[in-house]
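Coordinate inspection notes
So you can see what is in the structure, the chains are spelled out below.
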Amino acid sequence: MRVGLVVNPVAGVGGRVGLKGSDGAEVQERAFALGAVPRAAGRATLALAELRARRPDSVVLTVAGAMGEEAARAAGFAPEVVFAPGEPTSAADTVAAARALAPQVDLLLFAGGDGTARDVLEAVGDTLPVLGIPTGVKMHSAVFAVNPRAAGEVAATFSRVREAEVVDRVEGSPQLFGYLRVPDVPARVQQRKTGSSSVTPDAVSGIAAELRSYLAPGELLVLGPGTTTRAVAAVWGVDVPVLGVNVVDGSTLVAADASADQLLELVAGAPARIALTPIGGQGFLLGRGNQQLAPEVLRAVGLDRLHVVATEAKVVALGGRPLLVDTGDDALDRAFPRYVRVVVGWRRTILYPVNERQS
């Protein structure tokens, strides 16, 4: 099996520092100034290591340096390098590299987010199967594996393909750009994020009351992004950004759009809990749009103090698919319970599965 690999080295650098994205040189410079560390190569290495374990006869063709060669060698492959990018690398390099690889491989893996998916779509269209190794921030598109190891697993085992949407946010709104052919493995390839329905404070008043009953005086509550958590905060009289990770103390906003370092400092100084709502359609609790909730933040707070909140309609819309976590820390992902209680109202919870285990 011949597998192509393209890595966007700066994909996802804005996530942990709370920038909600990584597109554009200005955002990337700001992210690095805030202490961001590239993680795309590491996640690509995880995917290739899984592929190598399952299909050691695989041949990897890739791009020189940080756009693929380094990750392939770290995973134990001796890759064939077929393209040399410029310095610094750019979206044009991704397009040119994907075009160079496409005629020579059975499957093209790319490590990036929605912007990288658009570049790959422009380069190869529907000419071959493609799969994204998730390394971006939010990732609305349905072309990514649920985590890096799943990408390697799927690459090694898939037998059929389907069309999947490439979606990216433009001026704040998601837009459909086209379709890529991806392996048809529903449990291991993520769904497209569905649009947020209007959630009013009235609709979540029971959830807000139940969540508040868990909080002792002086406990901080870290609220993940989303319209549901924003509406919960509104019930308490707090206005929080819908896309950020925010911290409240009662009816006081302690921090808005907090970075991972800010969260660590806050939870080190006071007892805290975390409330998250799954991404509509996808079911992700962690690893999509909330990378500020880094593994060290989650460990500092404790998984037993993490609460999942959602309207019953959002839970039903998942169609029984499990909630997903992709923290970037395998041990932490495995430490999550197989089932969590989803708060759907006052004294009402639904026991719901988390993460299908790797085969």
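First things first, this report covers the structure right here in the doc. (Residues numbered from 1 in each chain as written. Predicted model: local features only at pLDDT ≥ 70, side-chain atom pairs only at ≥ 80, totals over all residues. Heavy atoms only, no water.)

1. Overview of the overall build of the protein chain
Applicable threshold: By definition, any uninterrupted DSSP run of H or I lasting at least four residues is a helix, any uninterrupted run of E lasting at least two residues is a strand, and each is numbered from the N terminus. With the radius of gyration taken over C-alpha atoms, the globule rule is written as 2.2 Å times the number of residues to the power 0.38. Under the scheme applied here, a residue whose accessible area is under 20% of the maximum for its type counts as buried, over 50% as exposed, and between as partly exposed, the area being computed with a 1.4 Å probe on protein chains only. Surface exposure here means Shrake-Rupley accessible area, sampled with a 1.4 Å probe, where a residue is shielded only by the protein chains that are shown. All tallies of charge rest on Lys and Arg as positive and Asp and Glu as negative; His and the ends of each chain are not included. The atom standing in for a charge is NZ when the residue is Lys, CZ when it is Arg, CG when it is Asp and CD when it is Glu.
The helix and strand inventory of the protein chain stands at 12 helices and 16 strands. Against the compact-globule benchmark of 21 Å for 359 residues, the protein chain has a radius of gyration of 20 Å, which places it among compact chains. With the C-alpha coordinates of the protein chain rotated into their principal frame, the extents come out at 60 × 40 × 35 Å. Buried positions account for 55% of the 359 residues belonging to the protein chain. For the protein chain, the accessible surface area stands at approximately 14400 Å², while carbon and sulfur atoms represent 51% of it. Each charge class in the protein chain can be summarised by its mean position, and for the 35 positive and 37 negative side chains these summaries are 6 Å apart.

2. Digging into the pairing of strand S8 (residues 220–223)
Counted only if it meets this: Two strands are counted as paired when DSSP detects at least two bridges linking them.
By the alternation rule, side chains of S8 split into Leu-220 and Val-222 and Leu-221 and Leu-223, which are all buried. Both S8 and strand S11 (residues 272–276) contribute to a ladder of 4 bridges, which runs parallel. Bridging across to S11, Leu-221 finds its partner in Arg-273. Relative to strand S9 (residues 246–249), S8 runs antiparallel, the two sharing 3 bridges. When the bridges of S9 are listed, Leu-221 appears paired with Val-248.

3. Observations regarding the nonpolar core
For clarity, the cut-off: Among buried residues, those of type Ala, Val, Leu, Ile, Met, Phe, Trp, Tyr and Cys that are joined through side-chain atoms within 4.5 Å constitute a nonpolar core. Throughout, a residue-residue contact means that at least one pair of heavy atoms, one from each residue, lies within 4.5 Å.
By size, the foremost hydrophobic cluster in this structure holds 34 residues, and its most contacted members are Leu-286, Leu-293, Leu-323 and Val-342. Residue assignment for this core shows that the elements contributing at least two residues are S8, helix H9 (260–269), S11, strand S12 (284–286), helix H10 (295–301), strand S13 (306–309) and strand S15 (339–345). When near neighbours in sequence (up to four residues on either side) are disregarded, Leu-293 contacts Val-222, Val-245, Leu-263, Ile-274, Leu-276, Leu-286 and Leu-298. Formed by 29 residues, the second largest nonpolar core is a distinct cluster that contains Ala-40, Ala-111, Ala-150 and Phe-284.

4. Section: the side chain of Ser-141
Our working definition: We define a polar contact as two N or O atoms separated by no more than 3.5 Å, with the added condition that, inside protein, one atom must be a possible hydrogen donor and the other a possible acceptor, whereas residues neighbouring each other in sequence contribute only through side-chain atom pairs.
Along the chain, the position of Ser-141 falls in the loop between strand S5 (130–134) and helix H6 (148–157). Looking at Ser-141, its side chain comes within polar contact range of the side chain of Asp-114, at 2.8 Å. If we ignore the near neighbours within four places in the chain, the residues touching Ser-141 are Asp-114, Glu-165, Val-166, Val-167, Gln-190, Gln-191, Arg-192 and Gln-282.

5. Notes on the pattern of salt bridges
The line we're drawing: Salt bridge, as applied in this entry: a Lys or Arg side-chain nitrogen positioned within 4 Å of an Asp or Glu carboxyl oxygen.
For the structure on display, the rule yields 20 salt bridges. When the shortest N-O distance is used, the salt bridge between Arg-16 and Asp-261 registers 3.7 Å. In this pair, Arg-16 sits in the loop between strand S1 (2–7) and helix H1 (25–33) while Asp-261 sits in helix H9, placing the two residues 245 residues apart along the sequence. The class for Arg-16 is partly exposed, based on a relative accessible area of 32%. Linking Glu-50 and Arg-54 is a salt bridge whose minimum nitrogen-to-oxygen distance equals 2.8 Å. Of this pair, Glu-50 and Arg-54 both sit in helix H2 (residues 40–54), 4 residues apart, which is roughly one turn of the helix. One network of salt bridges, with partners in common, ties together Glu-50, Arg-54, Arg-149 and Asp-330.

6. Things to note about the pairing of S1
When you tally the buried positions in S1, you get 5 out of 6 residues, the bulk of the element. The pairing of S1 with strand S2 (residues 59–63) spans 4 bridges and is parallel. Across the sheet, the residue bridging to Gly-4 is Leu-61, located in S2. Across 5 bridges, S1 lies against strand S4 (residues 107–112) in parallel orientation. The residue of S4 that forms the bridge with Gly-4 is Leu-108.

7. Some points on the packing of aromatic side chains
Note the cut-off: In this analysis, rings of Phe, Tyr and Trp, with Trp reduced to its six-membered ring, are considered paired at centre separations within 6.5 Å, and the interplanar angle assigns stacked below 30 degrees, edge-to-face beyond 60, and tilted for intermediate values. Two limits define a charge over a ring: the Lys NZ or Arg CZ must be within 6 Å of the ring centre, and within 35 degrees of the ring normal.
In the structure shown here, the tally under the stated rule is 1 aromatic pair. Directly above the ring of Trp-346 sits Arg-347, whose terminal nitrogen or CZ lies 4.0 Å from the centroid.

8. Overview of the sheet that holds S9
Here is the rule: As a rule, the C-alpha atoms of each element are fitted with a line to give its axis, helices using only the stretch in contact, and angles between N-to-C directions run from 0 to 180 degrees.
Strands sit in the order S10-S9-S8-S11-S13-S15-S16 across an open sheet of 7 strands; the sheet is mixed. Two strands in the sheet have a free side with no partner beyond their single neighbour: strand S10 (252–255) and strand S16 (348–353). Between one strand axis and the next, the sheet turns through 35 degrees on average, direction left out of account. The sheet contacts of H9 involve S8, S9, S10 and S11, and relative to S8 the element is tilted by about 155 degrees.

9. Considering the sheet that holds S5
An order of S3-S2-S1-S4-S5 is seen for the 5 strands of this open sheet, with the pairing classed as parallel. Pairing within the sheet leaves two strands with one partner each, and these edge strands are strand S3 (80–83) and S5. Recorded for the sheet is a direction-independent mean angle of 25 degrees between the axes of neighbouring strands. Contacts from helix H5 (residues 114–124) reach S4 and S5 within the one sheet, and its direction differs from that of S4 by about 150 degrees.

10. Focus: the environment of Gly-24
As for its placement among the helices and strands, Gly-24 is situated in the loop between S1 and H1. Distance in space between the C-alpha atoms of Gly-24 and Ala-272 is 35 Å, their sequence separation being 248 residues.

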